[in-house]
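Secondary and tertiary structure notes
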Amino acid sequence: MKRIFSGVQPTGNLHLGNYLGAIRNFVGLQEEHDCIYCVVDLHAITVWQDPAELKQNTREVTAAYLAAGINPKASIIFNQSQVPAHAELAWIFNCVARLGWLDRMTQFKDKAGKHKERASAGLYVYPNLMAADILAYQATHVPVGEDQKQHLELARDIAQKFNHDYGVEFFPVIEPLILGSATRVMSLRDGTKKMSKSDASDLSRINMTDDADAIARKLKKATSDPDFLPGPEILDEQGALPDAERKSRPEAFNLMGIYGALAQESWTEVLTRFEGQGFGAFKPALAELAVEKLRPITGEMQRLMDDPGYVDAVLRDGAERARGRSEPILQACYDIVGFLRP
Ligand code: AQP
């Protein structure tokens, strides 16, 4: 049995990329593994969050976890700020990680933009907190979308440097679990950009709170091209889509990839099904599938959002169990570092 940890930021606009790239995979893992799923509110405030909206968004991510099928009795679901070990271990990791390592993080560069001096210090040390999230439970496997791979490599470096500096084998080696076919869902407006919560255009993403009309409208307006859809002969010997093909028609293959992920069909199956058709026929089929797959989840999310007392109780219970797991690990780490606990 592996110990799994992952998290999602409560920054609003939870979208199909978050679902297919992360949350849906969380559900499958809980059958066989010890799973801890966090709503990472400490991470969220690395960029400004309206306090009332942050609370609402924390409940929304929790509702998405539950509606997607995470069982709060089998797995632990909680929000990060309720468990002090995350922030406390992150401080130690601020002293382990090197500035040069953080300087290489592409997410900081993307989010800070041209005015890096105006970004929060928290945004810069975000990967150290992420390492603490995982290692506070000595977790070994982290299901994430492809965009988080670099942060996980840094978390692994931090664990190794800590073990090396203190001459211990305390923190385990971390492995990313990049599962399924939708590890990088792209924007509906620009197939070269990741679907993202912070994109100013709501048309760029399918939100997990969108109703059937909104889903159909966004897919109808999604950027595509006038060409017909190709057949499976473009795939490589393993049935994978070659990078050169993807780059030649990024929007088209993004939409087809979303279809395959939702239907849980391979590229061969999707391309065989739609070979020779245009987007006029493909887009309504995709909209119908997206509505069919998402409606039960969005409906259940809405029901849970109308019952904040239940959602809060799940987080409270999860936080208590998470504190029970992380506290002994933090105390052992403090002892290794040399903090006196008289
Ligand atoms: N487009 C995506 N495709 C596949 N997976 C994705 N993830 C995010 N976007 C995509 C995965 O979702 C999980 C939760 O992400 P997060 O909220 O913690 O942070 P993020 O990666 O910064 O998400 P966003 O939506 O892109 O937010 P902004 O716009 O704030 O940057 C992670 O496992 C992530 O890989």
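Note that the structure is a prediction, hence the values are computed from the model and not measured.

Along any regular strand, the residues point their side chains to alternate faces of the sheet. Counting buried positions along strand β2 (residues 34–39) yields 6 of 6 residues, so the element is predominantly enclosed. Across the two faces of β2 the burial is the same, with D34, I36 and C38 and C35, Y37 and V39 all buried. Of the strand pairs in this sheet, strand β1 (residues 3–8) and β2 are connected by 6 bridges, and their pairing is parallel. Across the sheet, residue G7 finds its bridge partner in β2, namely C38. For the crossover from β1 across helix α1 (residues 16–29) to β2, the handedness is right-handed.

Attention shifts here to the nonpolar core. By size, the foremost hydrophobic cluster in this structure holds 64 residues, and its most contacted members are L16, Y19, I23, Y65, L219, M256 and F282. For this core, the element with the most residues is helix α14 (residues 279–305), which contributes 12 residues. In this structure L219 touches L188, I206, L255, K283, L286, A287 and A290, once residues within four positions along its chain are discounted. Core analysis: the next-biggest nonpolar cluster, separate from the first, contains 48 residues, I36, F78, L102 and A131 among them.

So, about unusual backbone geometry. For N13, which is not glycine, the phi dihedral falls at a positive 55 degrees. Along the chain, N13 falls in the loop between β1 and α1. N13 sits in the partly exposed class, given a relative accessible area of 32%.

Our next topic: the site of the ligand. Around the ligand, the surrounding shell holds 22 residues, and the nearest of these are D147, K194, S196, K197 and S198. Within the side chain of H15, an N or O atom sits 2.6 Å from an oxygen atom of the ligand. Note that a nitrogen atom of the ligand is positioned 2.7 Å from one of the backbone N or O atoms of V185. Relative to its unbound accessible area of 640 Å², the ligand is 96% covered by the protein chains. Listed by contribution, the elements that provide at least two residues to the shell around the ligand are β1 and α1. The dominant element in the shell around the ligand, judged by the number of residues it contributes, is α1, at 4 residues. Tallied by class, the residues present in the shell around the ligand amount to 6 nonpolar, 11 polar and 5 charged.

Once that is clear, we can look at the side chain of E265. Along the polypeptide, E265 turns up in the loop between α12 (250–263) and α13 (267–274). At 2.3 Å, the side chain of E265 forms a polar contact with the side chain of R273. Look past the residues within four positions of E265 in its chain and what remains in contact with it is Y259, G260, V270 and R273.

Conventions adopted
Residues numbered from 1 in each chain as written. Predicted model: local features only at pLDDT ≥ 70, side-chain atom pairs only at ≥ 80, totals over all residues. Heavy atoms only, no water. Buried < 20%, exposed > 50% of the residue type's maximum accessible area, 1.4 Å probe, protein only. Helix = DSSP H or I, 4+ residues; strand = E, 2+ residues; numbered from the N terminus. Pairing = 2+ DSSP bridges. Right-handed = clockwise from strand over helix to strand, strands pointing away. Core = buried A, V, L, I, M, F, W, Y, C linked by side-chain atoms within 4.5 Å. Contact = heavy atoms within 4.5 Å. Near = heavy atom within 4 Å. Polar contact = N/O pair within 3.5 Å; in protein donor to acceptor, adjacent residues only side chain to side chain. Areas by Shrake-Rupley, 256 points an atom, 1.4 Å probe, with all protein chains shown as cover. Nonpolar A, V, L, I, M, F, W, Y, C, P; charged D, E, K, R; others polar.

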